[in-house]
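Chain by chain, the residues:
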Amino acid sequence: MKIINSDMEHSSVCRGWALPLGSLFFICALYWSGHGGDLGYWTDWMEQMAQGYGQVQANYPPLLLHWFWLLAKLFDVAGFEYPPVSPVQLKFFVLLPVLATQLWLCYRVERSLCERNIPPLQSPVFWCVVASPALLLDGPVWGQVDLLPFLPMWLSLVYAFQARFLIAGAAFALALLWKFQAIVILPVLAGLFMRRWRLRTWHYAPRALAGLLLVGLVGFLPFIWVGRFAEMFHAAYLGNTDIFPFATFNAANLWYLLADNTTDMHQPLLAGGGWLTPHKLGLALFVLVSVVCMLRAWLAAERLGQVIGLSMVMVLGFFALAPSMHERYLFLLVPLAALGCARGEIRTAWLLLANLAVACNILLVLPLEGDAIWRQLSWLVVFLALLALATLGLGLRLPLFSRLPYGGSVAAVLVGGFMAVQVYQLHSLNRVEFDRRGRAYLSDIKEEYFQQDWGRLSRDASVSNDPLNIYGRSFGKGLGVHAFSRVVYRIPEGANFFHSYYGLDRAGESGSVRFSVLLDGRTVWSSGAVGWQPPQQVLLSLRGAREIALQVDSLGSITADHANWAEAGFWQTAPSAVASARK
């Protein structure tokens, strides 16, 4: 009778909440305003893929492009407009594979908890997955696809641990065909292979290689067919450092602390230290972490939980130490920690801290900005990387870490409190308040849409994160952009005029651009050619308009087209005497 009651109790707490709750949070998050610039990339690539594989110009691995091609065919059969115009619809269709992967992760976490007789709805691990701020911000809010390689990554780790290397190699290739960041687990896979390899198991190597090459060949087959394999392979896997040759690109890590954001990764950290650059030193440190993890996987990985821990070390080491990192390259830490915690192999605090670090770095690039917060987050990421290397990588037991009372609850309160602050920040950015002069700066308002060919939209700073400056004159407020750029705002109630200074930033002395303002999609003002010259002003009436777009077009090479909309803002009444720029 007790066994029956136990089974009934077990079934009552595992009724399949993961899929409906995961879907609900995901679909609701689609309606949040994402990063318009990156949605613009999806739109461009979808339009190109609708014309065939010979037309697309993209720096992404092929599986996402295959998905865009399939969507184009389905929309064509249904007679729908492609790509979708609505940002919500665009994100929904682009992210359908992400939704499927996220729901699998939620289901797998729920099942693991149930197998341990833990009610999912009472577990912080469950809620940190179905309502994960990191997963929701990266996917349905921003519109990114960083979760796509995780399922094949996970399968490659599981099958390599089981010495089934043909499937492991194929799964690893599939992960790389989604996102190149999956390469981060290669040292762990190599260690697991060496752990199993013997003279009598020589066939493991050709099996793993066969799985890798076969899936890779199939993935690139359409581009091989149209004669573009070399071009697309280089763009997807080898060309990113050519596009972003920075020590760090919006990633809160060691190089943000030592070299600052968007600085040349080949620039020496010390005068006269030609070899001491973020590029060389970062690669050396990351190789060192990789060797440690490979040796640990080879010599000490007795449980799958240890493999998960070593993979987490690799993701943290990659993000914290390697050069040219982006803000989202820490993302895979969250699903790894989720499965490790659900299995009881990793402490719950790791999942909470992973959500905190990933969500914070994303929010710094979306609506929340600030150098002070970025530096604090950089210290947190470096600390987490060192802590993971010591505890998960080397297997050390730190007394303070292991004896911290109510550590999971404390971490949950900290994460929840911080995310509540960010929700307030999002709310304040979407609310327009005019000052006593009847002015509201655009840099204090969340844009509706943003597209830019290089860099990110910068508030109250240039696109290179320097103070706003036009021809030697400084401004405290404004927008820093890079041609081509298009920033769209909904005109708030009470706004009757738009005013801004405009000109090239001091980092764009050799550039040449044209500034334009569009109201409801119609160009109402254009500056003509603007070079390295003193700031000019534009003042326009907004009566009857609902939407304003600030656009900057390049008139030549875009290598130096750093442009500024200084003191750009809405006015309730026409400014009788606009304050001049301060020297």
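Below: a short report on this structure. (Residues numbered from 1 in each chain as written. Predicted model: local features only at pLDDT ≥ 70, side-chain atom pairs only at ≥ 80, totals over all residues. Heavy atoms only, no water.)

1. Topic: the side chain of Glu110
Link 1 in the chain: For Glu110, the position within the fold is in helix α6 (residues 96-115).
Link 2 in the chain: Buried and unpaired, Glu110 has Arg111 as its nearest opposite-charge partner, separated by 5.5 Å.
Link 3 in the chain: Side-chain polar atoms of Glu110 contact the backbone nitrogen of Ala18, separated by 3.2 Å.
Link 4 in the chain: Those residues within four positions of Glu110 in sequence are excluded, and the remaining contacts are Gly16, Trp17, Ala18, Pro120 and Phe126. (Helix = DSSP H or I, 4+ residues; strand = E, 2+ residues; numbered from the N terminus. Buried < 20%, exposed > 50% of the residue type's maximum accessible area, 1.4 Å probe, protein only. Lys, Arg positive; Asp, Glu negative; His and termini not counted. Salt bridge = Lys/Arg side-chain N within 4 Å of Asp/Glu carboxyl O. Polar contact = N/O pair within 3.5 Å; in protein donor to acceptor, adjacent residues only side chain to side chain. Contact = heavy atoms within 4.5 Å.)

2. Considerations on the sheet that holds strand β9 (residues 485-490)
Link 1 in the chain: Pairing is antiparallel across the open sheet formed by five strands, whose spatial order is β4-β9-β14-β11-β12. Because the sheet does not close on itself, it has two edges, and the strands there are β4 (449-452) and β12 (522-530). Ignoring which end each strand starts from, the neighbouring axes of this sheet average 10° apart.
Link 2 in the chain: Relative to strand β14 (residues 547-554), strand β11 (residues 513-519) is paired through seven bridges, and the arrangement is antiparallel. The residue of β14 that forms the bridge with Arg514 is Asp553. (Pairing = 2+ DSSP bridges. Axes fitted to C-alpha atoms, helices over the stretch in contact; angles between N-to-C directions.)

3. Here we look at the pairing of strand β10 (residues 497-504)
Successive side chains on a regular strand alternate, one facing one side of the sheet and the next facing the other.
Link 1 in the chain: Of all eight residues making up β10, eight are buried, and the element is well covered by its neighbours.
Link 2 in the chain: In this sheet, strand β13 (residues 536-541) lies alongside β10 in antiparallel orientation, the contact comprising six bridges. From the neighbouring strand, Tyr502 faces β13, where its bridge partner is Gln536.
Link 3 in the chain: Summarising the sheet, β10 and strand β15 (residues 562-571) pair through seven bridges and their orientation is antiparallel. Along β15, the bridge assignment pairs Tyr501 with Ala566.

4. Examining empty space enclosed by the protein
Link 1 in the chain: Overall, the coordinates contain three cavities of 30 Å³ or more when judged by the stated rule.
Link 2 in the chain: Roughly 60 Å³ of volume is contained in the second largest cavity. (1 Å grid on protein atoms, 1.4 Å probe; cavity = no way out; pocket = protein on both sides within 12 Å on 5 of 7 lines; lining within 4 Å. Points joined across faces, edges and corners; volume = space filled by probe spheres on them.)

5. Digging into a nonpolar patch on the surface
Link 1 in the chain: A grouping of Leu217, Leu221, Ile224, Phe229, Phe233 and Leu238 is seen on the molecular surface, where their side chains present a nonpolar patch of about 520 Å² in accessible area.
Link 2 in the chain: Inspection of the secondary structure assignment puts Phe229 in helix α13 (residues 229-238).
Link 3 in the chain: Phe229 sits in the partly exposed class, given a relative accessible area of 37%. (Patch = residues over 30% accessible without salt bridge, like charges linked within 9 Å, V, L, I, M, F, W, Y side chains within 5 Å. Areas by Shrake-Rupley, 256 points an atom, 1.4 Å probe, with all protein chains shown as cover.)

6. Re the packing of helix α17 (residues 304-321) against helix α18 (residues 333-342)
Link 1 in the chain: Two elements in contact, α17 and α18, have axes whose closest approach is 10 Å; the angle formed by their N-to-C orientations is 160°. As far as their axial angle goes, α18 and α17 are roughly antiparallel. Note that α17 runs across α18; the crossing there is left-handed. Of the residues in α18, those touching α17 at Ile308, Ser311, Met312, Val315 and Leu316 are Leu333, Leu336, Ala337 and Gly340.
Link 2 in the chain: A class-by-class count of the residues in the contact of α17 with α18 yields seven nonpolar, two polar and no charged. (Parallel < 35°, antiparallel > 145°, perpendicular 65-115°, else oblique. Left-handed = near helix turned anticlockwise from the far one by under 90°. Nonpolar A, V, L, I, M, F, W, Y, C, P; charged D, E, K, R; others polar.)

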